[in-house]
Amino acid sequence: MFDQIRAQLSGLDTVELALGETSFISYILALIMFGVALNIHLSTFKKVFTNPKSIIVGLCMQWVALPAVTFALVWLLRGALTPMVALGMVLVACCPGGNISNFMSSLSKGNVELSVSMTAVSTITAPVITPFNFWIWGNLCLKVLPLQATGLTEVPELVIPFMDMFEQVLLLLGIPIVLGMLFAHYCPKVTEKIKKPFSVFSLLVFAAMVIVMFSSNWQQFVDYIIFIFIIVLIHNACALATGFLGGTLAKVPVQDRRSMTIEVGIQNSGLGLMLLLNPAIFPEVPWHDIYGGMLFVTAWWGIWHIISGLTVASLFRRSKID
C-alpha cells in the first residue's frame, strides 16, 4: 500500500499549480493586519516582554519542537513519502509564523500581543533560523527516505535574502500594525465603530481566498492531491497540537495557550512558496524540474491552515476562559 502511495506522490513533481496573484493577497493581508491592530495597545506589549515566559515557550515550540515533530512524522510515514513531499513538510515547518495567525488569535480571544510578538520575532530571525533548520532537519529526513528515484543525496543550501524578508515584515506586519495602533489611539470613537466590520470583512476575504485558490486547482486536486490533503491535514494537526501541548505543559495562561496553539499551527507558507519559486533563492538546485511535491505541500498548506485555523479559533472563541 505504501508503495502505491509513493508512486502516486511521485507524479506530483512535474505538475504546475495556478497560484494566482500573490501581491493582491499581500495587500489584503496588510489591510487585515491594520484591523487586528485596532485591538492592540502599546501597554500590553510591555507585559509580553516583562513577563517573557510565554514568548520564550512559544518560540521554542516554533523553532525547535515543530521541526522535530515534523521529522518524527516523516519517519513514521517514511514508507509512503517521497523525498520531495517530505522536504515540503520540513520547509513549511521551518518557516516563521504566518501573518494571519494574528487575526486568528484575535478571533479566538487569545493574547494578540503575544501572537504579534511571536510572529515578529520569528519572521525577523527567519533569514537565519529557516535555512539552518531546513538544512538540519531536511538532511535528517533524507537519511530515512529512499533517494534513488531523484538522485538527491543532500539538501541544497537555502539562502534567504535579508532585504526580501525585511520588506515582508515591514509591509505585512510592521506598517499596518503601527498605523492601526496609532489610529486606535488618536481615533478611539471611530475605532469602536469599525472594529466589528473589519472582523466580518476579514472572514469574508479569507473565505473568498480559500474558494478561489481551491477552484483554480480543482483538476489537480482530483488527479493528484488526495494524499497531499491527508498528509497536510495530519501535519497541520500535529503543529496545532504541538503549540497547545507546549503551552499546557508550561502552564502558561489560557489566552497565551490559545495564541501559542494558533501561532505554531499557522505557518508562513507564502514565504515557502516564495523560496521555491525564486531561482535567486534556490540558485542551483539539481532537482529543480522535479520539486513539484514540495510545491504542492506548501501551496495546499496555505489553503488548509486557513480552514483549520478558523475552525480552532472558532472553538476557542466559544469556550470560556477560566
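Here the residue numbering is sequential within each chain, running from 1 through the sequence in written order. Since the coordinates come from a predicted model, pLDDT governs what is reported: local features require at least 70, and pairs of side-chain atoms require 80 or more to be given and counted, while whole-chain, interface and lining totals use all residues. Excluding hydrogens and water, the side-chain values take into account all heavy atoms of the structure.

### Remarks on the overall build of the protein
1) Next: For the purposes of this entry, the term helix denotes a DSSP run of H or I that reaches at least four residues, the term strand denotes a run of E that reaches at least two, and both are numbered from the N terminus. When its secondary structure is counted, the protein shows 15 helices and 0 strands.
2) Next: Looking at the protein as a whole, 54% of its 322 residues are labelled buried.
3) Next: Sequence-distant contacts in the protein: of pairs separated by 6 or more residues, those separated by 24 or more amount to 86%.
4) Next: In short, Shrake-Rupley with a 1.4 Å probe defines the accessible areas, and a residue's cover is counted only from the protein chains shown. Surface exposure of the protein reaches about 14,800 Å², of which carbon and sulfur atoms provide 69%. Burial status follows relative accessibility: with a 1.4 Å probe on protein chains alone, a residue under 20% of its type maximum counts as buried, one over 50% as exposed, and anything between as partly exposed. Contacts are assigned to residue pairs with any non-hydrogen atoms lying within 4.5 Å of each other.

### Looking at the environment of Ser105
1) Next: Looking at the secondary structure, you find Ser105 in helix α6 (residues 100-107).
2) Next: Owing to a relative accessible area of 0%, Ser105 belongs among the buried residues under this scheme.
3) Next: Considered as a pair, Ser105 and Leu310 are 205 residues apart in the sequence and their alpha carbons are 9.6 Å apart.
4) Next: Those residues in contact with Ser105 that sit more than four places away from it in its chain are Gly110, Val112, Ser115, Ser259 and Ile262.

### Re the state of the cysteines
1) Next: Two cysteine sulfurs form a disulfide in these notes if their separation is within 2.5 Å. All chains considered together, the criterion is met by 0 disulfides.
2) Next: Here Cys95 is not disulfide-linked; the sulfur of Cys94 is the nearest cysteine sulfur, at 7.4 Å.
3) Next: In this structure Cys95 comes out as buried when scored by relative accessible area, which is 2%.

### Observations regarding a nonpolar patch on the surface
1) Next: Like charges are joined within 9 Å and nonpolar side chains (Val, Leu, Ile, Met, Phe, Trp, Tyr) within 5 Å, but only among residues with over 30% relative accessible area and no salt bridge; these make up the patches. Just to be clear on terms, a salt bridge is a Lys or Arg side-chain nitrogen sitting within 4 Å of an Asp or Glu carboxyl oxygen. On the surface, Ile175, Val178, Leu179, Leu182 and Tyr186 cluster together into a nonpolar patch covering about 490 Å² of accessible area.
2) Next: For Leu182, the location among the structural elements is in helix α9 (residues 162-186).
3) Next: A relative accessible area of 41% places Leu182 in the partly exposed class.

### As for the packing of aromatic side chains
We describe a pair of aromatic rings using the distance from one ring centre to the other and the angle between the two ring planes.
1) Next: Two aromatic rings, drawn from Phe, Tyr or Trp (for Trp, its six-membered ring), form a pair once their centres lie within 6.5 Å of each other, and the interplanar angle then sorts them: stacked below 30 degrees, edge-to-face above 60, tilted otherwise. Tallied over the entire structure, the rule returns 3 aromatic pairs.
2) Next: Consider the rings of Phe71 and Trp137, whose centres lie 6.0 Å apart with planes at 45°: the pair is tilted. Separated by 66 residues along the polypeptide, Phe71 in helix α4 (residues 53-76) and Trp137 in helix α8 (residues 126-143) bring together distant segments of the chain.
3) Next: Ring centres of Phe229 and Trp300 lie 5.8 Å apart, and the angle between their planes is 55°; this geometry places the pair in the tilted category.

### Description of α6
1) Next: For α6, a buried count of 7 out of 8 residues is recorded, marking the element as mostly surrounded by other parts of the structure.
2) Next: Taken as a whole, α6 has its buried residues at Ile100, Ser101, Asn102, Phe103, Met104, Ser105 and Leu107.
3) Next: Directly after α6, the chain includes Lys109, whose backbone phi takes a positive value near 60°.

### As for the nonpolar core
Proteins that are soluble and globular tend to have nonpolar side chains buried together.
1) Next: Here, nonpolar core means buried Ala, Val, Leu, Ile, Met, Phe, Trp, Tyr and Cys residues that are tied together by side-chain atoms lying within 4.5 Å of each other. Judged by nonpolar contacts, the single largest core of 45 residues is most densely connected at Leu81, Met89 and Ile228.
2) Next: The set of elements that each furnish at least two residues to this core consists of α4, α5 (83-94), α8, α12 (226-249), α13 (254-265), α14 (269-277) and α15 (292-318).
3) Next: The element that contributes the greatest number of residues to this core is α5, accounting for 10 residues.
4) Next: Grouped together as the second largest cluster of nonpolar side chains are 14 residues, Val205, Val312, Ala313 and Phe316 included.

Geometric descriptors of this kind do not, in isolation, establish any biological role.
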